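For reference, the chains in residue letters:
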Number of protein chains: 2
Amino acid sequence: MGTIYDLAKKTGFSITTVSKALNNYKDVSEKTRAKILQAAVEMDYLPNAHAQSLSTKKSWAIGVMFSEANEVGMKHPFFNGIIESFRHATEEQGYDLIFASRNLRNRDMSYLEHFKHRAVDGIVVICSDRMDEQVQELMRSDIPIVVVDMDSADCSVVYSDNIEGARLAVNYLYELGHRKIAHLAGDETTDAGTARVEGYKLAMQGLDLPIQPGYLVNAGFFSVEEGKQAMQQLLDLEDRPTAVFVAGDQMAIGAIEAIHENGLHVPNDISVIGYDDIEMIQYITPKLTTIRQDTDEIGEAAAELLLEQMTAKERSQERRIIPVKLIERASCAPVKE
Amino acid sequence: MGTIYDLAKKTGFSITTVSKALNNYKDVSEKTRAKILQAAVEMDYLPNAHAQSLSTKKSWAIGVMFSEANEVGMKHPFFNGIIESFRHATEEQGYDLIFASRNLRNRDMSYLEHFKHRAVDGIVVICSDRMDEQVQELMRSDIPIVVVDMDSADCSVVYSDNIEGARLAVNYLYELGHRKIAHLAGDETTDAGTARVEGYKLAMQGLDLPIQPGYLVNAGFFSVEEGKQAMQQLLDLEDRPTAVFVAGDQMAIGAIEAIHENGLHVPNDISVIGYDDIEMIQYITPKLTTIRQDTDEIGEAAAELLLEQMTAKERSQERRIIPVKLIERASCAPVKE
DNA sequence: CGAAGTACCGAAAGCGCTTTCGGGAAGAGG
DNA sequence: CCTCTTCCCGAAAGCGCTTTCGGTACTTCG
């Protein structure tokens, strides 16, 4: 492959000139630049990224960190859409993504430490757990950062409009005639969870609907199983709801399972509306009506915010809230009688 | 954060000694090592990875490349499971994953070039397209590599036992009494596709079942939509099959949709068995019977093969075939009458 | 024809680390 | 007391690149 030094020897110029030719400095004549470039392709020379980073202090790498309760990592059906879109957007600018382990030569270290070690130019964290110590540490650092799906005053964030999403869901159910509307909530340690609860309460209030006791149940961390269990609690109630707004699609799938297992029908007996619009829900029965979060937009916005900081070389504290949309499918119906 | 030089100044030792202390050389006394380590935590020193890689020629990074027809990247419901497991396994050994863009400072380059530029220690490619020029190039290089889901004599590979999987599926349908068994195949440019076709033919032959004309249809690149269209072809046949073995779960979902839209019932009218066992199929109706590929095992095997090469510093050509398993759910039933 | 630009090139220092090699001090052995 | 080890430590070169700064050679202009 060869180094810049080999190129110098081959062409007869100094390594300085070679480097300049390669980097489009203008104090090198067209003629010699051409020769050097030519020689470069001949010996298919490639610059060594480490050497470059060492002297320029720029690594063209972005560290990514996931933090979610279920530890599914890239299998997360919602987060992986965001990351994919983020990747596209940053790739265009020449950045690579690095997924850091927390293990440096068998020495434990925090993500922040690892990212500093790797000298990444910026960090993206996709995080649902507000309390995550590691994430806090990252946010307090001075590396450009953007966090997705969580709010914070300390750094730039992007998340979708959870309040509005909840309002959309509740109002939609209301328009279908439902009055007994329950909410299967995401855990309050997550911003998404709490915001949707807030939106639910606000919407109910705006509609002059009381929240009956037991109608607001914490369904944990957005898993199918937790959704199922939480729905069972609703079904055990004396006065069952006729519709339920579920804070996540996977939980909604669990909820529907519970309803079916109790011999009831969705949406005829109970309407269910989810949140996220992950791919699989268009294939289940009934196809799930949901609030769509635009993963593409979220990823792009995150990329944009991070890129800005990296080029400006200063941290920002911008808040980008991405609009959501109601996707009508088949899991909601007008209330009976 | 400081450099090794700062540490030297602070402790009064030379940078040589500091470096040695940090790297557990034994020609530095316990006393001075302790002092240096102490000073290191005090100024929370972290070694610069680029500088280290530059002088050691080891980057502790593994390049990952996806290559699949639908360009969904990390959203791929099967591949992302593999990558996640691969990540876990390599993380334990202290490696980071890097997803390279094909764009270096707005200069196009191949993945191989980019990986060389980044000086990764190894490469994992998850690839379904046998013809991918980029993948070919990677395989021909001298960097340690492991490729998943594809066969090759040039490098170490891991994929699951597609022949056996197909046999399992066909035999299962046979035992349910089916004789008219069709196959919705993955495209022949993919190894997984062709292998399953081969397994299908072998199994049919072993059972003395002729493959009726039109019963083997290419359903393309494993998408829902393609599965649906291919199934429609089957349904348009004079003599419809009573069971169909579909080369991928997503295609199977499409197939079921097509069947339903034609007013038929799964599994009462037609049995469907899929392949992969992606998460969502346990939530559709009917729950899909399928051949499970063990993504955890595949990822781990890939990691193992790659790690071996990286420590041995020589390429291997091992072939690791991961067993598959029939997962019985609700989309297959005994043949009618 | 001399002075002031202008265009092009290279020496050298520096980025932060590793590793070889040699050397001094202390202890062991005769 | 002298030699031979053993134990510690440091000088220095090197990894591959960037960038400042200065220096030639050549134009241009008055």
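Computed from a predicted model, the values in this text were never measured in an experiment. (Residues numbered from 1 in each chain as written. Chains lettered and ligands numbered in written order. Predicted model: local features only at pLDDT ≥ 70, side-chain atom pairs only at ≥ 80, totals over all residues. Heavy atoms only, no water.)

Q: An account of the protein's contact with DNA strand D is requested, with residue identities and associated values reported.
A: In the region of DNA strand D, 28 residues are neighbours, and A:Ile4, A:Ser19, A:Tyr45, B:Thr17 and B:Lys20 sit closest. Close to the protein, within 4 Å, the atoms of DNA strand D are drawn from sugar and phosphate at a rate of 60%. Between DNA strand D and A:Asn48, the relevant distance is 3.1 Å, taken from a phosphate oxygen to a main-chain nitrogen or oxygen of the residue. Separating a base nitrogen of DNA strand D from a side-chain N or O atom of B:Thr16 is a distance of 3.0 Å. The set of elements that each furnish at least two residues to the surface near DNA strand D consists of helix 2 (15-22) and helix 4 (49-56) of chain A together with helix 2 (15-22) and helix 4 (49-56) of chain B. Among the residues making up the surface near DNA strand D, the classes are represented as 10 nonpolar, 14 polar and 4 charged. (Near = heavy atom within 4 Å. Polar contact = N/O pair within 3.5 Å; in protein donor to acceptor, adjacent residues only side chain to side chain. Helix = DSSP H or I, 4+ residues; strand = E, 2+ residues; numbered from the N terminus. Nonpolar A, V, L, I, M, F, W, Y, C, P; charged D, E, K, R; others polar.)

Q: So what's going on with the sheet that holds strand 14 (residues 324-327) of chain A? Residues and values would help.
A: Residues and elements named next belong to chain A. One open sheet accounts for 6 strands, arranged 9-8-10-11-12-14; its pairing is mixed. The open sheet has two free edges, formed respectively by strand 9 (216-218) and strand 14, since each of these has just one partner strand. Strand-to-strand, the axes of this sheet are offset by a mean angle of 15°, without reference to chain direction. Relative to strand 10 (residues 243-246), strand 8 (residues 181-185) is paired through 4 bridges, and the arrangement is parallel. Of the residues in strand 10, the one forming a bridge with Ala182 is Val244. In the packing of helix 8 (residues 162-175) onto the sheet, contacts are made with strand 8, strand 10, strand 11 (271-276), strand 12 (289-293) and strand 14, and the angle to strand 11 comes to roughly 160°. Packed on one face of the sheet, helix 9 (residues 191-206) meets strand 8, strand 9, strand 10, strand 11 and strand 12 and runs near 170° to strand 8. (Pairing = 2+ DSSP bridges. Axes fitted to C-alpha atoms, helices over the stretch in contact; angles between N-to-C directions. Contact = heavy atoms within 4.5 Å.)

Q: Residues and numbers for the sheet that holds strand 9 (residues 216-218) of chain B, please.
A: Residues and elements named next belong to chain B. If you walk across this open sheet you meet the 6 strands as 9-8-10-11-12-14, and the pairing is mixed. The open sheet has two free edges, formed respectively by strand 9 and strand 14 (324-327), since each of these has just one partner strand. Neighbouring strand axes in the sheet, compared pairwise and without regard to direction, differ in orientation by 15° on average. Summarising the sheet, strand 10 (residues 243-246) and strand 11 (residues 271-276) pair through 3 bridges and their orientation is parallel. Considered in strand 11, the bridge of Phe245 is made with Ile273. Taken strand by strand, helix 8 (residues 162-175) contacts strand 8 (181-185), strand 10, strand 11, strand 12 (289-293) and strand 14, and its axis lies near 165° from that of strand 11.

Q: Quick one: what's the story with the pattern of salt bridges, residue by residue and with numbers?
A: All told, the structure shown has 40 salt bridges over all chains when counted by the stated rule. Measuring nitrogen to oxygen at the nearest pair gives 3.1 Å for the salt bridge that ties A:Lys10 to A:Glu42. Here A:Lys10, found in helix 1 (residues 4-11), pairs with A:Glu42, found in helix 3 (residues 30-42); they are 32 residues apart in sequence, far enough to count as distant. Its relative accessible area of 45% is what places A:Lys10 among the partly exposed residues. On the accessibility criterion, A:Glu42 (48% relative accessible area) is partly exposed. Here the salt bridges share partners, and the residues they tie into one network are A:Lys228, A:Glu257, A:Glu261 and B:Lys287. (Salt bridge = Lys/Arg side-chain N within 4 Å of Asp/Glu carboxyl O. Buried < 20%, exposed > 50% of the residue type's maximum accessible area, 1.4 Å probe, protein only.)

Q: Go over the nonpolar core with me, naming the residues and quoting the values.
A: In terms of nonpolar packing, the biggest core is built from 155 residues, with A:Leu184, A:Met231, A:Val272, B:Leu184, B:Met231 and B:Val272 touching the most fellow members. Apart from the residues lying within four places of it in its own chain, the contact partners of B:Leu184 are B:Val217, B:Ala219, B:Gly227, B:Ala230, B:Met231, B:Leu234, B:Val244, B:Phe245, B:Val246, B:Ala247, B:Met251 and B:Ala255. Counting residues in each nonpolar core, the second largest holds 23 residues, with B:Met65, B:Tyr111, B:Ile123 and B:Met139 among its members. (Core = buried A, V, L, I, M, F, W, Y, C linked by side-chain atoms within 4.5 Å.)

Q: A description of a negative patch on the surface should follow, citing residues and the corresponding values.
A: Residues and elements named next belong to chain A. A contiguous patch of negative charge, built from Glu92, Asp296, Glu297 and Glu300, is present on the exposed surface. Structurally, Glu297 can be placed in helix 12 (residues 295-312). Taking the relative accessible area as the measure of exposure, Glu297 reaches 39% and is therefore partly exposed. (Patch = residues over 30% accessible without salt bridge, like charges linked within 9 Å, V, L, I, M, F, W, Y side chains within 5 Å. Areas by Shrake-Rupley, 256 points an atom, 1.4 Å probe, with all protein chains shown as cover. Lys, Arg positive; Asp, Glu negative; His and termini not counted. Charge placed at Lys NZ, Arg CZ, Asp CG, Glu CD.)

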